[in-house]
Amino acid sequence: MASADLTSEREYVATLYARLDELRDEAKDQLEAVRRTNQGGTHQNRSERDAFARIYEDRVSQLTEIDERLAFGRLDLVPVGDDPTVHRYIGRIGLRDENLQPILLDWRVPQARAFYQATAATPLGARARRHITSKGREVVRIDDEIFDASLLEGDTSSLQGEAALLATLTAQRTGRMGDIVATIQAEQDRIIRSDLRGVLVVQGGPGTGKTAVALHRAAYLLYSHRDRLATSGVLIVGPSRSFLQYIEAVLPSLGETGVVLSSVGQLYPGLDTANEDTQDVSVLKGSVEMAALLARAVKSRQVVPRQPQTLEVNGEYLTVEPQLIQNAMHRAWESRKPHNEARAIFNKAAINALAKQLAAQLRDHGNTIEDSDQNWLKEDIRTAEDVKVALNTAWIPLTPQKLLQDLYARPQWLATLTPDWSAERRALLRRDREADFTVSDVPLLDEAAELLGAVSGGGDAEKRERKQQRKRDIENAEQSIRNMGVEGLVDAESLADGFEAAVERGSTADLAAADRSWAYGHIVVDEAQELSPMQWRLLMRRNPQKSFTIVGDVAQASAAASASSWADALQPVVGDNWRLEELTVNYRTPAQIAESAESMAIAHGLTITRSRSVRASEWPVAVVEATDLLSAVEEAVATDRGIDALGTIAVIASASMVDDLSERLAARFGDDVGRGAAGLNRAVAVLTPQESKGLEFDAAIVAEPQLIIDEIARGAAALYVAMTRPTQRLHLVTTTALPVGILD
Ligand SMILES: Nc1ncnc2c1ncn2[C@@H]1O[C@H](COP(=O)(O)OP(=O)(O)OP(=O)(O)O)[C@@H](O)[C@H]1O
């Protein structure tokens, strides 16, 4: 590498940082100026001032956060016509000089595409691509790939910027995922920039970058469809809290903060659970049969009395025929509204009919009743205790929680609703009323809420009003931005977040997370192979336009209720309307570990997507045959720490063993050991295979692999997940035989 090139890149990057500092100072000045203006002013002025102040504060912190790796690439272009710009720099944000000429392109703009996609065969107008590696603000290295046929000498590798890529891949893991913006590969880039519309499924083996791609796609979509997604929001769903903790820093590092991250246990507002049912129970609760059962349960709470009832209304006794109640119910059913909302129609129809009956009865008793008296009669009926009881018995208001608790705690009622179920099957649902809800209850609560609707009817109106207010705020913000002449610097969504009233109501993300009926603009589902049919139904309700990015690996499906193919999972919810992309290169796991895991998976009959590992590591898979498992695992941790004292280690074992293991390891290694999500901030995390899903560590120690296969319903898939977590070293510690297929 010519050192002159390095020097000139250092100079250029220094000018970019100078501009960044300038913009940051400008934003600070603007912040000061805004704070000084309208000290008094009207309420509206103050609210607007505070909103702008917040924008500038955010801008200052965005420009501060972006400091690391501001620019990471350069494209050399074939000159077109008189255009003298032959270099285009790519970075984490876009920058313009004081004459508004672009000096750095945001990685998401269309002109940056060639940086990720150009190859010697299809150079996309580029002659060469340069990867710029920096430490702090200092450029430390540049790597070039040449596409210009006249300069090319035989390198047609499909991996871009190998040196830069390998440096990232072998770097030590921190327990937090980082962005890959500098080294996105062509097959990944195509997926990231794929059309917003429709359902995109990304299938790939472990470590192929599915999570990374999904997150960068979210950042890309938010940037490219800001108008649409700012108001509707983006939801990212992951399997567990530990997984969300692992990925939570990626989008902010790309300058995007307004997304809702949710685990499957948090998708029902007001509930946040990680409790799991046993496998049989979660299979049953996850099956679509539960939707029909819940519908029957709700319907069974709309009861026509068998006998006429006598009701007292202000001293008059009315004999009410079942037919009157039945007719009122028909009225309500015709509306096709959910139970609680239809109840208002039922009540009104029943009260009208009762008022007519009462008027007729009073006339029969010699009273004069004018039409204008109807309102009084209705009021008398509505407030009569007997009527309230009769109408409530016929059509009781219900909450989703109560409906589900009743279903679990009242075996006789469940039996009447499930005449063709076996007693054992029903017993799976049996719970005390006070039992905590589980992750598998989340979609059932949501389904019930859908069938029931809002109890008061007021909730929906309030939500509608809040959404409309949010829309008005954004329109006002757009106007203010035009008035201030700061288009492009400030986005309306963020400004609206700062309006005083909006602060109380919350940002789009806050509103969306709290609202079960929120329609997201896009949903990203990670580890989607784990979802049950009921969870799919819930997610589809959250996005009526069906704009989804679904990433996962069907071979890694270890949840008992998950589907065995994408077609099986998606057919009931979107039919054939989905497109598939595959990722084929494994960026995480060294070849010898990947091969061992794949060979085990195949020997156990899993259909896996084979991938090509980009590298091997110097450590073979280590097999420790022991008589005392706990001490052998303890020794394996000590050995690994001897190799890499600062590395991260996952100790993965089936649920029956994790507590003993974590106690034992904590006794030896103290605070360096953490159980579950807490372990992600420590050097050693003790996890079940399920908890390890989606995560990665420098080393993984899998304790008693055969027990994982034996104890978990889809045990081989769970072991496949566990074995593919390390970026460097895999240790298998066993006191029995190793599972078949494992190569050491
Ligand atoms: N283009 C890339 N440049 C640098 N690192 C990459 C690239 N693609 C993926 N990686 C890294 O490879 C590792 C695996 O990626 P990721 O976790 O997204 O894979 P995955 O397909 O979701 O794996 P799993 O199915 O096991 O959850 C991560 O450390 C990620 O940052």
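Residues numbered from 1 in each chain as written. Predicted model: local features only at pLDDT ≥ 70, side-chain atom pairs only at ≥ 80, totals over all residues.

**What about the overall build of the chain?**
Looking only at helices and strands, one finds 31 helices and 22 strands in the chain. Overall, the chain is about 110 × 75 × 50 Å in size when its C-alpha atoms are taken along their principal axes. Within the span of the chain, comprising 744 residues, buried residues form 42% of the whole. Contacts in the chain between residues far apart in sequence, at least 24 positions, make up 73% of those at least 6 positions apart. (Helix = DSSP H or I, 4+ residues; strand = E, 2+ residues; numbered from the N terminus. Buried ≥ 20, exposed ≤ 12 C-beta atoms within 10 Å, placed from the backbone. Contact = placed C-beta atoms within 7 Å.)

**Structural notes on the sheet that holds strand E14 (residues 578-583)**
Taken together, the six strands give an open sheet; going across it, the order is E9-E8-E12-E13-E7-E14, and neighbouring strands pair in parallel fashion. Edge positions in the open sheet fall to strand E9 (259-263) and E14, since each of these has one partner strand only. With direction set aside, neighbouring strand axes in the sheet form an average angle of 15°. Sheet analysis places strand E7 (residues 199-204) next to strand E13 (residues 548-552), joined by five bridges and oriented parallel. (Pairing = 2+ DSSP bridges. Axes fitted to C-alpha atoms, helices over the stretch in contact; angles between N-to-C directions.)

**A short note on the packing of helix H16 (residues 400-409) against helix H19 (residues 442-452)**
H19 packs onto H16 with a crossing angle of 120° between their chain directions and a minimal axis gap of 8 Å. With respect to the hand of their crossing, H16 and H19 are arranged in right-handed fashion. Here H16 contributes Pro400, Gln401, Leu403 and Leu404 to the contact with H19, which in turn contributes Leu444, Leu445, Ala448, Ala449 and Leu452. Grouping the amino acids of the contact of H16 with H19 by side-chain chemistry returns eight nonpolar, one polar and no charged. (Left-handed = near helix turned anticlockwise from the far one by under 90°. Nonpolar A, V, L, I, M, F, W, Y, C, P; charged D, E, K, R; others polar.)

**Description of the nonpolar core**
The nonpolar side chains of a soluble globular protein tend to be buried, and buried together. Ranked by size, the top nonpolar core spans 161 residues in total, and within it Ala218, Val234, Val633, Val651, Ile701, Ala703 and Tyr720 carry the most contacts. With nine residues, the top contributor of residues to this core is helix H6 (residues 210-224). The residues touching Ile701, leaving out its near neighbours within four places in the chain, are Val633, Ala636, Val637, Asp640, Ile649, Val651, His731 and Val733. Within the second largest apolar cluster, 24 residues are counted, among which are Leu318, Ala350, Ile381 and Trp395. (Core = buried A, V, L, I, M, F, W, Y, C linked by C-beta atoms within 7 Å.)

**A few points about the UniProt feature "binding site: ATP" (unreviewed entry) in the chain**
The positions UniProt marks with the feature "binding site: ATP" (unreviewed entry) are Gly204, Gly205, Pro206, Gly207, Thr208, Gly209, Lys210 and Thr211. Mapped onto the secondary structure, Gly205 falls in the loop between E7 and H6. On the basis of neighbour count, Gly205 is assigned to the buried category, with 28 C-beta atoms found within 10 Å. Those residues within four positions of Gly205 in sequence are excluded, and the remaining contacts are Asp553, Asn586, Ile608, Thr609, Arg610 and Ser611. Tracing the sequence through the fold places Lys210 in helix H6. (UniProt positions renumbered as here; feature names shortened; annotations may be inferred.)

**A short note on unusual backbone geometry**
Backbone geometry places Leu100, a non-glycine residue, at a positive phi of 65°. Of note in this structure, Lys546 is not a glycine but carries a positive phi near 55°. Of note, Lys546 is situated in the loop between helix H24 (533-542) and E13.

**Points about the site of the ligand**
Near the ligand there are 23 residues, and of these Pro206, Gly209, Lys210, Thr211 and Tyr587 occur at the shortest range. Looking at the shell around the ligand, the elements that each hand over two or more residues are helix H4 (162-170) and H6. In terms of residue class, the shell around the ligand is built from seven nonpolar, 12 polar and four charged. (Near = placed C-beta within 6 Å.)

**Describing the sheet that holds strand E18 (residues 649-652)**
Taken together, the six strands give an open sheet; going across it, the order is E17-E22-E21-E18-E20-E19, and neighbouring strands pair in parallel fashion. The two strands at the open ends of the sheet, each matched to only one other strand, are strand E17 (622-625) and strand E19 (673-675). Put simply, the sheet's adjacent strands are angled 20° from each other on average, direction ignored. Relative to strand E21 (residues 697-703), E18 runs parallel, the two being bridged by four bridges. When the bridges of E21 are listed, Ile649 appears paired with Ala699.

**Thoughts on the pairing of strand E4 (residues 102-106)**
One ladder, built from two bridges, connects strand E2 (residues 87-91) with E4; its direction is parallel. Looking across to E4, one finds that Gly91 is bridged to Asp106. Relative to E4, strand E3 (residues 95-96) runs antiparallel, the two being bridged by two bridges. In the sheet register, Arg96 faces E4, and the bridge partner there is Pro102.

**Remarks on the packing of helix H11 (residues 289-299) against H19**
As a packed pair, H11 and H19 sit with axes 10 Å apart at the nearest point and diverge in direction by 40°. By the angle class used here, H11 and H19 are oblique. Crossing of H11 against H19: the hand is right-handed. Listed contacts from H19 to Met290, Ala291, Leu294, Ala295 and Val298 of H11 are Leu444, Glu447, Ala448, Leu451 and Leu452. (Parallel < 35°, antiparallel > 145°, perpendicular 65-115°, else oblique.)

**Details of the environment of Ser662**
The topology assignment puts Ser662 in helix H28 (residues 655-669). Judged by C-beta crowding, with 22 C-beta atoms within 10 Å, Ser662 ranks as buried. Setting aside residues up to four positions removed in sequence, Ser662 forms contacts with Val673, Arg675 and Val686.

**A short note on the pairing of strand E5 (residues 126-135)**
The pairing of strand E1 (residues 71-77) with E5 spans five bridges and is antiparallel. Counted as the bridge partner of Leu75 is Arg129 from E5. Pairing of E5 with strand E6 (residues 138-146), which is carried by eight bridges, proceeds in the antiparallel orientation. Bridge pairing in E6 links Ala128 to Ile146. Between E5 and E6, which follow one another and run antiparallel, lie two residues, and Gly136 among them has a positive phi close to 60°.

**Some words on the confidence of the model for the chain**
The share of residues in the chain with pLDDT of 70 or more is 92%, and the mean pLDDT across the chain is 88. Complex prediction metrics read pTM 0.83 and ipTM 0.98. (pLDDT = per-residue confidence, 0-100.)

**Regarding the environment of Trp619**
In this structure, Trp619 sits in the loop between strand E16 (612-613) and E17. Judged by C-beta crowding, with 17 C-beta atoms within 10 Å, Trp619 ranks as partly exposed. As a C-alpha pair, Trp619 and Ala344 span 275 residues in sequence and 69 Å in three-dimensional space. When sequence neighbours within four positions are dropped, the list of residues in contact with Trp619 reads Gln728 and Arg729.

**A few points about the environment of Lys388**
Among the structural elements, Lys388 can be located in helix H15 (residues 385-394). Residue classification places Lys388 among the partly exposed positions, given that 14 C-beta atoms sit within 10 Å. C-alpha of Lys388 to C-alpha of Asn347: the two residues are 41 residues apart in sequence and 9.4 Å apart in space.

**Considering H16**
Among the residues of H16, those classed as buried are Pro400, Leu403, Leu404 and Leu407. The buried residues of H16 occupy an angular sector of 90° when projected down its axis, which confines them to one face. (Arc of directions from axis to C-beta.)

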